[in-house]
Amino acid sequence: MDSTTVNQTKRTEKFARIGIGAKGVVYCLAGILTILAVFNIIGDKAGEELTLEYIARQPLGKLILFLMGLGLIGHVFWRVYQTFRRTEYLGLTASSTWNKINYLLSGLTYAVIAYTIFKLTFTGQFGFAQNGNQQLINQVLAYSWGKWLIGLGSLGFFGKALWQFHRAFSGNYINEMKRYEFSKMVRETVRNAGFVGYMARGFVIGLIGYFFLRAAIEANPAMGASSSGAFQFLEMNPLGPFLLTTVSIGLICYGLYMFVKAKYNDLTA
């Protein structure tokens, strides 16, 4: 590669690392605030959307959200860049269609979150947060093929959840790190954080898929749920405090893993 291409690649990777770090901030805050809510230290703020709303109400909260949104744009850009120009080792053939689809869906997901953050920052209103899924499902169900599309969407969530579990049990994610940067103890700590984090993410994503499936079967948009809805569902369970705390710890682990990934992930792999 010529020097111009090398410099562009370095800038792109730097932008990507900022985005990965911003993603870590979102998950850590969601986990921490949920634990605080479980122990009645703050109000009910479970899930990504309600976490953002809570932050917005704090001093300098909107400035923090704005910076988080900019960071997530970096992550979106990197995923799109991977989809069309780059590949990354994920334990499968780098050029596989599934990897490309996964990159693109990840980019779209965090584009929605970034949009939500910016809309909340500048207007005080959410974009696709809280009741967004129900509104979307209600519009889709108005069509004769709506049930099938929502059902297909639920399969997408289940597929994503299974992929998270696969990542957790395969341990391949640790191979993305620059091996020479870690001692054996640190490497195992990072591996364990990633395992717990991917398991927690898989559980939450699978639960959202379950809600979408029920919405399709019952033709009931009220069954559609975001991550906040999934957390509220857990809260109503007799084991709610235990389940919420366990999942929240997992999300914090995932956020911490993202911080390590932002610093040490081998983006050239």
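Residues numbered from 1 in each chain as written. Predicted model: local features only at pLDDT ≥ 70, side-chain atom pairs only at ≥ 80, totals over all residues. Heavy atoms only, no water.

Secondary structure assignment for the protein yields nine helices and zero strands. From first element to last, N terminus to C terminus, the protein shows the α and β order α-α-α-α-α-α-α-α-α. Sorting the 269 residues of the protein into buried and exposed places 49% on the buried side. Expressed as a percentage of contacts within the protein between residues at least 6 apart in sequence, the contacts between residues at least 24 apart total 69%. Accessible surface, the protein: about 13,500 Å² in total, of which carbon and sulfur atoms supply 66%. (Helix = DSSP H or I, 4+ residues; strand = E, 2+ residues; numbered from the N terminus. Buried < 20%, exposed > 50% of the residue type's maximum accessible area, 1.4 Å probe, protein only. Contact = heavy atoms within 4.5 Å. Areas by Shrake-Rupley, 256 points an atom, 1.4 Å probe, with all protein chains shown as cover.)

Bringing a nonpolar patch on the surface into the picture now. Taken together, the side chains of Val80, Phe84, Trp98, Ile101, Leu104, Leu105 and Leu108 present a nonpolar region at the surface, about 640 Å² in accessible area. For the nonpolar patch, the leading source of residues is helix α4 (residues 97-123), giving five residues. The exposure class assigned to Val80 is partly exposed, which follows from its relative accessible area of 34%. (Patch = residues over 30% accessible without salt bridge, like charges linked within 9 Å, V, L, I, M, F, W, Y side chains within 5 Å. Salt bridge = Lys/Arg side-chain N within 4 Å of Asp/Glu carboxyl O.)

As enumerated under the stated definition, the model contains twelve aromatic pairs in all. Between Tyr210 and Phe211, the ring centres sit 5.6 Å apart and the planes meet at 55°, which makes this aromatic pair tilted. Residue classification places Tyr210 among the partly exposed positions, given a relative accessible area of 33%. Members of the aromatic cluster, connected to one another through ring pairs, are Tyr27, Tyr173, Tyr198, Tyr254 and Tyr257. (Phe/Tyr/Trp six-rings, centres within 6.5 Å; stacked < 30°, edge-to-face > 60°.)

Take the environment of Thr116 next. Following the sequence through the fold, Thr116 ends up in helix α4. For Thr116, a relative accessible area of 5% translates into the label buried. Here the alpha-carbon distance between Thr116 and Leu65, two residues 51 residues apart in the chain, equals 10.0 Å.

With that settled, consider the nonpolar core. Core analysis: the largest hydrophobic core is formed by 43 residues, its most contacted members being Leu52, Leu65, Met68, Leu72, Ile117 and Tyr257. Elements that contribute at least two residues to this core include exactly α1 (3-38), α2 (48-56), α3 (61-84), α4, α6 (146-170), α7 (184-218), α8 (227-236) and α9 (240-264). Looking at which element gives the most residues to this core, the answer is α7, with ten residues. (Core = buried A, V, L, I, M, F, W, Y, C linked by side-chain atoms within 4.5 Å.)

Packed helix pairs are specified by the crossing angle of their axes together with the interaxial distance, meaning the distance between the axes. The geometry of α3 relative to α4 is characterised by a closest axis approach of 8 Å and an angle of 160° between their N-to-C directions. On the basis of the axis angle, α3 is roughly antiparallel to α4. In this structure, α3 crosses over α4, and the sense of that crossing is left-handed. (Axes fitted to C-alpha atoms, helices over the stretch in contact; angles between N-to-C directions. Parallel < 35°, antiparallel > 145°, perpendicular 65-115°, else oblique. Left-handed = near helix turned anticlockwise from the far one by under 90°.)

In this model, α6 (25 residues) spans 36 Å end to end at C-alpha, consistent with the 36 Å of a helix rising 1.5 Å per residue. Listed in full, the buried residues belonging to α6 are Gly146, Ile150, Gly151, Ser154, Lys160, Ala161, Trp163, Gln164, Arg167 and Ala168. (Expected span 1.5 Å × (residues − 1).)

Another point: the confidence of the model for the protein. With 77% of its residues at a pLDDT of at least 70, the protein reaches an overall mean of 77. Of all helices and strands in the protein, the one with the weakest mean pLDDT is helix α5 (residues 132-141) (64), whereas α9 scores best (89). Scored below 50 in pLDDT, residues 87-92 makes 28 contacts in the model with residues more than four places away or belonging to other chains. (pLDDT = per-residue confidence, 0-100.)

What follows covers α4. Counted at 1.5 Å a residue, the expected span for α4 with its 27 residues is 39 Å, and the 38 Å between its end C-alpha atoms agrees. Burial in α4 covers these residues: Asn99, Asn102, Tyr103, Ser106, Gly107, Tyr110, Ile113, Ala114, Thr116, Ile117, Leu120 and Thr121.

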